[in-house]
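# Notes for the structure review
Here is what each chain is made of, one letter per residue.
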Amino acid sequence: MPTHLWRPGAVLALAVAGLVQAQPFQPQIAATAAEQDRYPQGRPAFPRGVTGLPGLVYATDPGYAPLRLDLYLPPGSPATAPRPLVVFVHDGGWHGGSRRTNGAFADWPLALAALASRGYVVASIDYRLAPQANFPAPVQDVKDALRWLRSKAGSYGIDRSKVLVWGAGAGAHLAALAAVSCGAAGLDRPASGVRPNPAVGAAATPPPPSDESACARAAVAWYGAYDLLALRSMPQANSFLGCGTANCDPQRRLASPVNYVDASVPPFLIVHGMEDTFFAVSQASTLDRVIRARGGSDELILLPGVGHAFIGSSADATRAASQRAWERTVDFIARMLPPAGP
């Protein structure tokens, strides 16, 4: 055998390279909340052949900036078989936040790209914020994003029948509300409320088709709020609802995911820090109890020693909780929506 065909070092290097390629890359977790936008400038480039499509306009509303999302396409998409869709809704107390940051994850776009590399189309969306836009505007935006993405299934290689919605904090409230209110009246934007925006081009921003579904097959909720009647004294919640403390209960009921749960509720993964002082851990246990009482299925994970956004009293606690939430979420997504590709 010629010596150039048998080199132990080269064989070992190839084996290691193959192992590295087979292992999914993991998100970077910081010691505390990370607020820097780490999305790549210029042409988006992510590991493992993931393609980034930043700032896609999915809807517009008169008086507001165009609503945008970032899309992460798995390797080979859209030429291969359609892939399941995961839609992420960011935190920010209904008043702020960004589709490109989340908790202590140092590089949230890279984390979403890591999920996409497993065979998913992943979208991270922005939505209208309080006090400029009140309930139900933000959940209408989430539903519009789901409809728009389904309408673009052919362009982006999306399996329209396999959609999961995932949110954190206020985004978990909106994601949960969208998931449990499939077909419910009153939470969809009137068809006349969305128009193409001439500033960005009419062809780029058609109204989300009203005949597309805004339903989800499963949902993931991280440290969210699900019973807004328990938040009467929270200024952020009252501002989001657009009402005062005295006359707000009807709005609180309409905005509470627990009030829409029935036997058709999709499977949920609920993850919450036990020391959360922004949205108390009782919010998670209440949603868990209601889903089970109505005949639904859910998984509840309560993380000790950490509060909102899985931030703990030490860097190690924050990293451990965030890593556990990430791993359980990726596992849940894989079980609910098995990827079509390798």
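Keep in mind the model is a prediction, meaning the values are calculated, not measured.

For the rest of this paragraph, the subject is the overall build of the chain. Scanning the chain for helices and strands turns up nine helices and eight strands. The buried share of the chain, taken over its 342 residues, is 53%. In the chain, the share of contacts with a sequence separation of at least 24, taken over all contacts with a separation of at least 6, comes to 78%.

Compared with an ideal rise of 1.5 Å per residue, which puts 22 residues at 32 Å, helix α9 (residues 315–336) spans 31 Å between its outermost C-alpha atoms and is within 8% of the ideal. Listed in full, the buried residues belonging to α9 are Thr318, Ala321, Ser322, Ala325, Trp326, Thr329, Val330, Phe332 and Ile333. Seen from one end, α9 has its buried residues packed into an arc of 165 degrees, which puts them on one side.

Here we come to the packing of helix α3 (residues 137–151) against helix α5 (residues 170–180). Two elements in contact, α3 and α5, have axes separated by 9 Å at closest approach and are oriented at 65 degrees. You can see that α3 and α5 cross each other, and the crossing is right-handed. Along its contact with α3, which presents Pro138, Val139, Val142 and Lys143, the element α5 presents Leu174, Leu177 and Ala178.

Sheet topology note: the strand β7 (residues 268–273)/strand β8 (residues 298–303) ladder contains six bridges and is parallel. By the bridge assignment for β8, His272 is matched with Leu302.

With that out of the way, let us pick up the state of the cysteines. In total, this model carries two disulfides according to the counting rule given. Covalently, Cys182 is tied to Cys215 through a disulfide, its sulfur atoms 1.7 Å apart. Measuring handedness by torsion sign, the sulfur bridge of Cys182 and Cys215 sits at about 60 degrees and is right-handed. Here Cys182, found in the loop between α5 and β6 (218–222), pairs with Cys215, found in the loop between α5 and β6; they are 33 residues apart in sequence, far enough to count as distant. Exposure remark for Cys182: the relative accessible area of 42% places this residue in the partly exposed category. Relative accessible area serves as the criterion here: at 22%, Cys215 is assigned to the partly exposed category. Paired by a disulfide, Cys243 and Cys248 hold their sulfur atoms 1.7 Å apart. By relative accessible area, which is 0% here, Cys248 ends up buried.

Ser77 connects to Pro78 through a cis peptide bond whose omega is 5 degrees. Assignment of secondary structure puts Pro78 in the loop between β2 (67–73) and β3 (83–89). Cis geometry marks the peptide bond from Ala130 to Pro131; its omega dihedral reads 0 degrees. In the Ramachandran plot, Trp94 falls in the positive-phi region, its phi being about 70 degrees despite a non-glycine side chain. Exposure remark for Trp94: the relative accessible area of 1% places this residue in the buried category.

All right, on to the packing of aromatic side chains then. Centre-to-centre distance and the angle between the planes together describe a pair of aromatic rings. Using the criterion set out here, one finds 17 aromatic pairs in the structure. When the centroid spacing of 5.2 Å and the interplanar angle of 70 degrees are considered together, the rings of Trp166 and Trp222 count as edge-to-face. Separated by 56 residues along the polypeptide, Trp166 in strand β5 (residues 158–168) and Trp222 in strand β6 bring together distant segments of the chain. Here the two residues Trp166 and Trp222 agree in accessibility, since each one is buried. Members of the aromatic cluster, connected to one another through ring pairs, are Phe88, Phe105, Trp108, Trp166, Trp222, Tyr223, Phe310 and Trp326.

Bringing the nonpolar core into the picture now. Ranked by size, the top nonpolar core spans 65 residues in total, and within it Tyr58, Leu69, Leu71, Trp94, Leu149 and Phe268 carry the most contacts. With nine residues, the single largest contributor to this core is α5. Once you skip the residues sitting within four places of it in the chain, Trp94 turns out to touch Leu129, Ala130, Ala170, His173, Leu174, Ala225, Leu231, Met234, Gln236, Ala237, Phe240 and Phe279.

Pairing within the open sheet is mixed, and its eight strands lie in the order β1-β2-β4-β3-β5-β6-β7-β8. Strand pairing shows two members of the sheet lacking a second neighbour, β1 (51–59) and β8, which therefore form its edges. Within this sheet the neighbouring strands show an average axis-to-axis angle of 20 degrees, counted without direction. Bridge count for β3 against β5 is six bridges, and the pairing is parallel. Paired with Val86 across the strands is Leu164, a residue of β5. Each of β7 and β8 is contacted by helix α8 (residues 281–293), which is oriented at about 160 degrees to β7, the strand it contacts most. This element, α9, spans β3, β5, β6, β7 and β8 of the sheet and lies at about 170 degrees to β8.

Cut-offs and rules
- Residues numbered from 1 in each chain as written.
- Predicted model: local features only at pLDDT ≥ 70, side-chain atom pairs only at ≥ 80, totals over all residues.
- Heavy atoms only, no water.
- Helix = DSSP H or I, 4+ residues; strand = E, 2+ residues; numbered from the N terminus.
- Buried < 20%, exposed > 50% of the residue type's maximum accessible area, 1.4 Å probe, protein only.
- Contact = heavy atoms within 4.5 Å.
- Expected span 1.5 Å × (residues − 1).
- Arc of directions from axis to C-beta.
- Axes fitted to C-alpha atoms, helices over the stretch in contact; angles between N-to-C directions.
- Left-handed = near helix turned anticlockwise from the far one by under 90°.
- Pairing = 2+ DSSP bridges.
- Disulfide = S-S within 2.5 Å.
- Phe/Tyr/Trp six-rings, centres within 6.5 Å; stacked < 30°, edge-to-face > 60°.
- Core = buried A, V, L, I, M, F, W, Y, C linked by side-chain atoms within 4.5 Å.

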